Amino acid sequence: MLELLPGTGVALPGGAGVLRFGAGPDEARARLSAAAPETYGGLQCGALTLADYSEPRHAHAAWLDGLLFQPEWNTVALFDGLRVTLAAGGPGAADRLARVEFRRMTAPRPVSGERAACVVWDGVDLFGHSAEEVLSVLPEAVPLLPEAAPLPDPAASGPTGPAVGADVGVAVPRLGLRLDEHAPGSPGWGRLTLTADGSAGWSGCCPRRFRCEAGGDGLVGILY
């Protein structure tokens, strides 16, 4: 079980301690390696580094979407179908952990307790329930795209239908949490991203933590 600690980091299984925001790459890699059954170095695979982007706003957008390649932070950890990756911040904060991404790759085996490959906040398995159920317990979730429809009121009675915002993703500013994509073979979320408090070194672009307000596009230089 990996427990989200907003503003602090992630409590790791197996007595590996807490993966804390602000840690350097060696410390973060060592803690994650001590907890995960398998770790390896991720490949660049067409992604760009900060220096490769023509404008900071495009690098910021790439970072927000998990597309920015940071060579010292390329550790990938696998927990029974769950993929965990790390990222530092932007310019001036590239030596400190600022982002942890969790991606559900396959359905987990039915394991409970400390060994379960689940991501938990406040006792809720964020990958183990439908998107609608998770949204109902998150504090003040908002759509990632401002033009998307508002999220339903959790206190409202009656069925709500498909999760509003599930197609574009949602952000929970109070927790520094972003939820998007769809889990394979499941009505739940497919990706969770926990970010450190503050701008994570991107204040020179814009103050937003979940979407680039300057109109950046992380695919510039990759696809076009």
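Residues numbered from 1 in each chain as written. Predicted model: local features only at pLDDT ≥ 70, side-chain atom pairs only at ≥ 80, totals over all residues. Heavy atoms only, no water.

J.: Any chance you could explain the packing of aromatic side chains here in plain terms?
T.: Any aromatic ring pair is given by two values, namely how distant the centres are and how the planes are angled relative to each other. Scanning all chains against the criterion turns up one aromatic pair. Ring centres 6.0 Å apart and planes at 45 degrees place the aromatic pair Trp63 and Trp202 in the tilted group. Residue Trp63 is located in helix α2 (residues 56-64), and its partner Trp202 is located in the segment after β13 (189-195); the two are separated by 139 residues in the primary sequence. Side by side, Trp63 and Trp202 carry an identical accessibility label, which is buried. Residue placement shows Arg99 over the ring face of Trp63; its charged tip is 5.9 Å from the ring centre. (Phe/Tyr/Trp six-rings, centres within 6.5 Å; stacked < 30°, edge-to-face > 60°. Helix = DSSP H or I, 4+ residues; strand = E, 2+ residues; numbered from the N terminus. Buried < 20%, exposed > 50% of the residue type's maximum accessible area, 1.4 Å probe, protein only. Lys NZ or Arg CZ within 6 Å of the ring centre and 35° of its normal.)

J.: What should I look at first to understand the pairing of β13 in this one?
T.: Each regular strand shows side chains that alternate between the opposite faces of the sheet. Across the seven residues that make up β13, a large majority, seven, are buried. The pairing of strand β7 (residues 97-104) with β13 spans five bridges and is antiparallel. Counterpart to Val100 in the pairing with β13 is Leu194. With five bridges connecting them, strand β12 (residues 177-182) and β13 associate as antiparallel partners. (Pairing = 2+ DSSP bridges.)

J.: What is the right way to look at a nonpolar patch on the surface in this model?
T.: Where nonpolar side chains cluster on the molecular surface, the patch consists of Ile222, Leu223 and Tyr224 and spans about 330 Å² of accessible area. Residue placement: Leu223 occurs in the segment after β13. (Patch = residues over 30% accessible without salt bridge, like charges linked within 9 Å, V, L, I, M, F, W, Y side chains within 5 Å. Areas by Shrake-Rupley, 256 points an atom, 1.4 Å probe, with all protein chains shown as cover. Salt bridge = Lys/Arg side-chain N within 4 Å of Asp/Glu carboxyl O.)

J.: Hey, could you run me through empty space enclosed by the protein in this one?
T.: In this approach, a probe sized like a water molecule rolls over the atoms, and the result shows the empty space that is left. Inspection of every chain in the model, using the stated rule, returns three cavities of 30 Å³ or more. Approximately 60 Å³ is the volume found for the largest cavity. Lining of the largest cavity is provided by His60, Trp63, Leu64, Ala98, Thr195, Ala196, Gly198, Ser199, Ala200, Pro207, Arg208 and Arg209. Per-element accounting of the lining of the largest cavity gives the leading share, three residues, to α2. Residues belonging to the lining of the largest cavity are distributed by class as follows: six nonpolar, four polar and two charged. (1 Å grid on protein atoms, 1.4 Å probe; cavity = no way out; pocket = protein on both sides within 12 Å on 5 of 7 lines; lining within 4 Å. Points joined across faces, edges and corners; volume = space filled by probe spheres on them. Nonpolar A, V, L, I, M, F, W, Y, C, P; charged D, E, K, R; others polar.)

J.: Even after reading the chapter, I still don't get the side chain of Thr75, so can you show me in this structure?
T.: Mapped onto the secondary structure, Thr75 falls in strand β5 (residues 75-79). Assessed through its relative accessible area of 7%, Thr75 is described here as buried. In this structure the side chain of Thr75 is engaged in a polar contact, spanning 3.2 Å, whose partner is the side chain of Arg29. Setting aside anything within four residues of it in sequence, one finds Thr75 in contact with Arg29, Leu32, Thr39, Tyr40, Val84, Thr85 and Leu86. (Polar contact = N/O pair within 3.5 Å; in protein donor to acceptor, adjacent residues only side chain to side chain. Contact = heavy atoms within 4.5 Å.)

J.: Explanation requested: the sheet that holds strand β11 (residues 170-172) in the structure shown.
T.: Read across the sheet, eight strands follow the order β4-β5-β6-β7-β13-β12-β11-β10 without closing on themselves; strand pairing throughout is antiparallel. Of all strands in the sheet, those with a lone pairing partner are β4 (38-41) and β10 (142-143), marking the two edges. Here two bridges tie β10 to β11, and the two strands are oriented antiparallel to one another. Each bridged residue has a counterpart across the sheet, and for Pro143 the counterpart in β11 is Val170. Across the sheet, α2 touches β6 (82-88), β7, β12 and β13, and the angle it forms with β7 is around 50 degrees. (Axes fitted to C-alpha atoms, helices over the stretch in contact; angles between N-to-C directions.)

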